[in-house]
Amino acid sequence: MVSRVCSVSVWTTYFLTTHISPPFALQPQSCAPSNATGWYVNFDGKIWLAKSKTPGRYGIGGPYQDLKIILQPDSKSQPWEGLQGTDSMFVYNLKGKDNVYLGFYGSANTQSTWKAQDNKWFVGLATANSLEGPWVRAHNNPVNLNNARSGIHAHSKQ
Amino acid sequence: MRLIQEQENPIVTYEEGYYLVIFDYLLSEDDGFGFSYSNDGILWNDGQLIQLPRGVRTKIAVIPSHCTPRHALR
């Protein structure tokens, strides 16, 4: 996703790199190969932040400069975050609060058994006071958005 | 009862006092996409499935169209 900052002065984007750095790999030795009972894809998900080098509205066309990783598997990862790491980031700003940013980020327990009734794909919220972070995971993740069919009134709050 | 949580790619927009989110409703991609809303952008209400005849693998955006005198149908 791309965010506009200070009226087209700089464009900020978050992205998931396709580069998989050691010691991770698509099929880490610690996991069994994918099969009918398990889908062991380790994507080593890390969310990068980049900013446009070209000022103004046309900066959206790039080029962009990679700045840093703002979310990744680490000691603060939560149990619902699986082998996918942090696999996506969707940031939004609270209306009227320029210094309050929230972001939905995703992950998946791809190491769990491959059964239709098993939950795998989740989203959680993280917060920051600026687009650069630091981004802090909400303590009561994951957020259950699609519980209409379950009939459970499960809300998430910061 | 188990929580059903199969969702990804939530996209949030703010419109007329509400935060709106659309997301991949993974368990029912053949039926449509997910939608929820929030008053404060933090506490989210129960989502619902928005049905589309051809299903939705990945939604891209939801964009409001404001009816103004210039754009109103005549």
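Quick look at the structure, then.

Criteria and thresholds
- Residues numbered from 1 in each chain as written.
- Chains lettered and ligands numbered in written order.
- Predicted model: local features only at pLDDT ≥ 70, side-chain atom pairs only at ≥ 80, totals over all residues.
- Helix = DSSP H or I, 4+ residues; strand = E, 2+ residues; numbered from the N terminus.
- Buried ≥ 20, exposed ≤ 12 C-beta atoms within 10 Å, placed from the backbone.
- Contact = placed C-beta atoms within 7 Å.
- Pairing = 2+ DSSP bridges.
- Core = buried A, V, L, I, M, F, W, Y, C linked by C-beta atoms within 7 Å.

### With respect to the overall build of chain B
Per the secondary structure count, chain B includes zero helices and four strands. The secondary structure elements of chain B, listed N-terminal to C-terminal, are β-β-β-β. Evaluated residue by residue, chain B yields a buried proportion of 30% over its 74 residues. Counted over contacts in chain B with a minimum sequence separation of 6, partners at least 24 positions apart contribute 23%.

### So, the overall build of chain A
Looking only at helices and strands, one finds zero helices and eight strands in chain A. Ordered by position from N to C terminus, the α and β elements of chain A give β-β-β-β-β-β-β-β. Evaluated residue by residue, chain A yields a buried proportion of 31% over its 158 residues. In chain A, 48% of the contacts between residues at least 6 apart in sequence involve partners at least 24 apart.

### Details of the sheet that holds strand E8 (residues 136-137) of chain A
All names here are of chain A. Strand order across the open sheet formed by four strands is E5-E6-E7-E8, with antiparallel pairing between neighbours. Lying at the two open borders of the sheet, with one neighbouring strand each, are strand E5 (88-93) and E8. The pairing of strand E6 (residues 101-108) with strand E7 (residues 121-128) spans eight bridges and is antiparallel. When the bridges of E7 are listed, Ser107 appears paired with Phe122.

### Observations regarding the nonpolar core
Counting residues in hydrophobic clusters, the biggest one holds 32 residues, and the most contacted among them are Ile47, Leu71 and Tyr105 of chain A together with Val21 of chain B. Those elements that place two or more of their residues in this core are strand E2 (10-16), strand E3 (47-52), strand E4 (64-71), E5, E6 and E7 of chain A together with strand E2 (18-25) and strand E3 (32-38) of chain B. Excluding residues within four positions of it along the chain, Ile47 of chain A makes contact with Tyr14, Leu16, Ile69, Ile70, Leu71, Gln72, Thr86, Met89 and Tyr105 of chain A.

### Concerning the pairing of strand E1 (residues 7-15) of chain B
Residue and element names in this part refer to chain B. In this sheet, E2 lies alongside E1 in antiparallel orientation, the contact comprising seven bridges. Paired with Gln7 across the strands is Tyr25, a residue of E2. Linking two consecutive strands that pair antiparallel, namely E1 and E2, is a turn of two residues; a positive phi of about 50 degrees is found at Glu16 within it.

### A word on the environment of Pro55 of chain A
All names here are of chain A. Tracing the backbone shows Pro55 in the loop between E3 and E4. Overall, Pro55 belongs to the exposed group, with 11 C-beta atoms counted inside 10 Å. Expressed as a C-alpha distance, the spacing of Pro55 and Thr127, which sit 72 residues apart in the sequence, is 26 Å. When residues no more than four places from it in sequence are discounted, the contact partners of Pro55 are Ser9 and Val10.

Geometry only, nothing functional implied.
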